[in-house]
Amino acid sequence: MSNKFYITTTLPYVNAAPHIGFALEIVQADVLARYASLRGREVVFNTGTDEHGLKIYRKAIEEGKDPQAYVDEYAAKFERLKNALNVSYTNFVRTTDPHHIKAAQDFWTRCEKAGDIYKKFYSVKYCVGCELEKTDSELVEGRCPVHPNLELEAIEEENYFFRFSKYQQPLLHLYSEHPDFVVPDYRLTEIKNFVSGGLQDFSISRLKEKMPWGIPVPGDDKHVMYVWFDALINYISTLGWPENQKKFEEFWGTAGHPNALQIAGKDNLRQQSAIWQAMLLSAGVPTSRQVLIHGFITSEGEKMSKSLGNVVDPFVIVDKYGTDALRYWLTREMPTFNDGDFTIERFEESYNASLANGLGNLVSRIMKMASANGVGLDWEKADEGLNWETEGYAEYLETAQIQQAAEIIWREARKADQYIQEKEPFKVIKTDPEKAKKDILILLGELWTIGRLLEPFLPETSARIINAIKDNHEISQPLFPRISS
RNA sequence: GUCAGGGUAGCUCAACGGUGGAGCAGCGCUUUCAUAAGGCGACGGCUGUGGGUUCGAAUCCCACCCCUGACACCA
């Protein structure tokens, strides 16, 4: 295993406030990144913002702002997530960064040299009522759903196309060479089926006169790149590609030793595991090592939507319950790869059961017994007895089974509660203090393990536990105050 | 419509050919170190429906019903 660890989230598009779905993605990535770092690997953890394209351009114009000023505001909002969720990303790339723009143009030139970019007339459907171009998926029975009485017009436009079709076999080869290229496996099956069904070339540019908010196509000032062609390139531009080849290869990897881990939602499966990989192959850049696909968070059993009024705002949850409470829910309650449902009732229920009554209370009772009886752990040596393999914890995190790994920690906490009940050191201390102190020491060691294993998941809580053990003080403020209803 | 995944205790899920399990919630008993927390226990399921294979099926096969996702230019 390489000593360098690279993980990247997808870049959220900045036309709306940060969504809880993205909070899930970035927290999952954070758990894996923090774990890698704990185990001594050098980590690049990348995230950022996707800032080009028609939707942003329109929104900026609507608000009477310069597009750059508009995206500056939004990029700042996304950086607030770093504090709210306590995520440890090392790189924050904005697709309007000059270096990214240069890298995207360089990438384009390489694909062009490979013979994979060509010009073609392309017919777009246009609704005169909306004054907008429409894609097939937006149409209902071949008509604009807003103006079903109007005929759609066909507009011919010359665009640059990417020769995606050329990469059908190379992609299928990639998937069969690396059966864990996409995790979970049923997502790999899904993408295999898609690619096997045949690939069509697609448009990767827009006419500048219609939509100027994009990266200029090298050598043709009439076109800008279509937004996601440029956005995907952030995963490598963030590493200093193409200038900094050394750092790039260390973290991104090489053709023989791919090292890049990507994480994305199920709606991004195709972009990440097929389109982006084909682009890399075209430009002669190594492919990723693995793409992790997570599910969606529903709310009250429904898709979140403004009209239903069931949108869960991560900032609101954090303000009310705390950062680690949300991180707990996202990592232990939420299935790592499948959809999960959020309701405030169940959130509070699991908070009380596992954080207040479970973990928090356990820390209080052990620290009280330890400090009251002067039993301290030789913490400088405590890590020697720390077993990362506890119940498969390390194995789970190395295979991104985040929920399973979290489960181990709470199982250990339960065992500690049972141990207290069985040994009753609080009672035995009156009759056989030596024996009781021995048990309290064992409990402190177990609490140390719990605190350490907790670090990737709930970094702040982990630090509070570790510090309490180091200073041997009782817990004055509960780690997680119980929520009473 | 086609393809994929799924329908198991009130809820979230595990068992994937051999006597249906866990956590949470609710119920009973119980300890006092602790955040009125902890521990123990009982209750709780014709495993979507109907057939079939088998000594034996939640587990394999067929049909049907229901849910979810994908079926390309949405970022």
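All of these numbers come straight from a predicted model, not from anything done at the bench.

Asker: Could you give me a rundown of the overall build of chain A, with the residues and numbers involved?
Answerer: When helices and strands are tallied, chain A shows 18 helices and 15 strands. Dimensions of chain A, computed from the C-alpha atoms along their principal axes, are close to 90 × 50 × 40 Å. In chain A, which comprises 485 residues, the share counted as buried stands at 51%. Pairs at least 24 residues apart make up 76% of the contacts formed inside chain A by residues separated by at least 6 positions. Surface summary for chain A: the accessible area is close to 22000 Å², and the carbon and sulfur share equals 48%. Within chain A, the 70 negative side-chain charges are centred at a point lying 2 Å from the centre of the 55 positive side-chain charges.

Asker: Which residues make up the confidence of the model for chain A, and what are the values?
Answerer: On average, residues of chain A carry a pLDDT of 90, and 96% of them reach 70 or more. In the model output, the complex is listed with pTM 0.93 alongside ipTM 0.89.

Asker: Would you mind going over the environment of Asp 313 in detail, with residue names and values included?
Answerer: Mapped onto the elements of the fold, Asp 313 is located in the loop between β14 (297-299) and α11 (314-321). For Asp 313, a relative accessible area of 31% corresponds to the partly exposed category. A C-alpha to C-alpha distance of 35 Å links Asp 313 and Asn 193, two positions 120 residues apart in sequence. Only 2.8 Å separates the side chain of Asp 313 from the backbone nitrogen of Phe 315, close enough to count as a polar contact.

Asker: Describe the sheet that holds strand β11 (residues 220-225), listing the residues and the values that go with them.
Answerer: Here three strands make up an open sheet; going across it, the order is β9-β11-β10 and the pairing antiparallel. What marks the edges here is a single partner per strand, and that holds for β9 (205-207) and β10 (216-217). When β10 meets β11, the two strands line up antiparallel, connected through two bridges. Across the sheet, Val 217 pairs through a bridge with Asp 220, a residue of β11.

Asker: Before we move on, can you summarise a negative patch on the surface with the specific residues and values?
Answerer: Together, Glu 300, Glu 302, Glu 345 and Glu 349 give the surface a local cluster of negative charge. With respect to the helices and strands, Glu 300 occurs in the loop between β14 and α11.

Asker: Break down the protein's contact with RNA strand B for me, citing the residues and quoting the values.
Answerer: Looking at RNA strand B, there are 47 residues lining it, with Thr 135, Arg 270, Gln 271, Asn 361 and Arg 365 nearest. Within 4 Å of the protein, the atoms of RNA strand B are drawn from sugar and phosphate moieties in a proportion of 70%. At 3.2 Å, a backbone N or O of Asn 357 approaches a sugar or linking oxygen of RNA strand B. Looking at the surface near RNA strand B, the elements that each hand over two or more residues are α6 (185-196), β8 (202-203), α7 (227-232), α10 (269-283), α13 (344-372), α15 (402-423) and α16 (425-428). At eleven residues, α13 tops the list of elements feeding residues into the surface near RNA strand B. Across the surface near RNA strand B, the residue classes break down as 18 nonpolar, 13 polar and 16 charged.

Asker: Quick one: what's the story with the environment of Lys 102, residue by residue and with numbers?
Answerer: Looking at where Lys 102 falls in the secondary structure, it is placed in helix α4 (residues 98-113). Lys 102 sits 140 residues away from Pro 242 along the chain, and the two C-alpha atoms are 9.3 Å apart. At 3.2 Å, the side chain of Lys 102 and the side chain of Glu 243 are in polar contact.

Asker: Provide a residue-level description of the side chain of Asn 234, including the pertinent values.
Answerer: Tracing the chain through its elements places Asn 234 in helix α8 (residues 234-237). Leaving out residues up to four positions away in the same chain, Asn 234 has contacts with Thr 8, Leu 11, Asn 46, Val 93 and His 100.

Conventions and cut-offs
- Residues numbered from 1 in each chain as written.
- Chains lettered and ligands numbered in written order.
- Predicted model: local features only at pLDDT ≥ 70, side-chain atom pairs only at ≥ 80, totals over all residues.
- Heavy atoms only, no water.
- Helix = DSSP H or I, 4+ residues; strand = E, 2+ residues; numbered from the N terminus.
- Buried < 20%, exposed > 50% of the residue type's maximum accessible area, 1.4 Å probe, protein only.
- Contact = heavy atoms within 4.5 Å.
- Areas by Shrake-Rupley, 256 points an atom, 1.4 Å probe, with all protein chains shown as cover.
- Lys, Arg positive; Asp, Glu negative; His and termini not counted.
- Charge placed at Lys NZ, Arg CZ, Asp CG, Glu CD.
- pLDDT = per-residue confidence, 0-100.
- Polar contact = N/O pair within 3.5 Å; in protein donor to acceptor, adjacent residues only side chain to side chain.
- Pairing = 2+ DSSP bridges.
- Patch = residues over 30% accessible without salt bridge, like charges linked within 9 Å, V, L, I, M, F, W, Y side chains within 5 Å.
- Salt bridge = Lys/Arg side-chain N within 4 Å of Asp/Glu carboxyl O.
- Near = heavy atom within 4 Å.
- Nonpolar A, V, L, I, M, F, W, Y, C, P; charged D, E, K, R; others polar.

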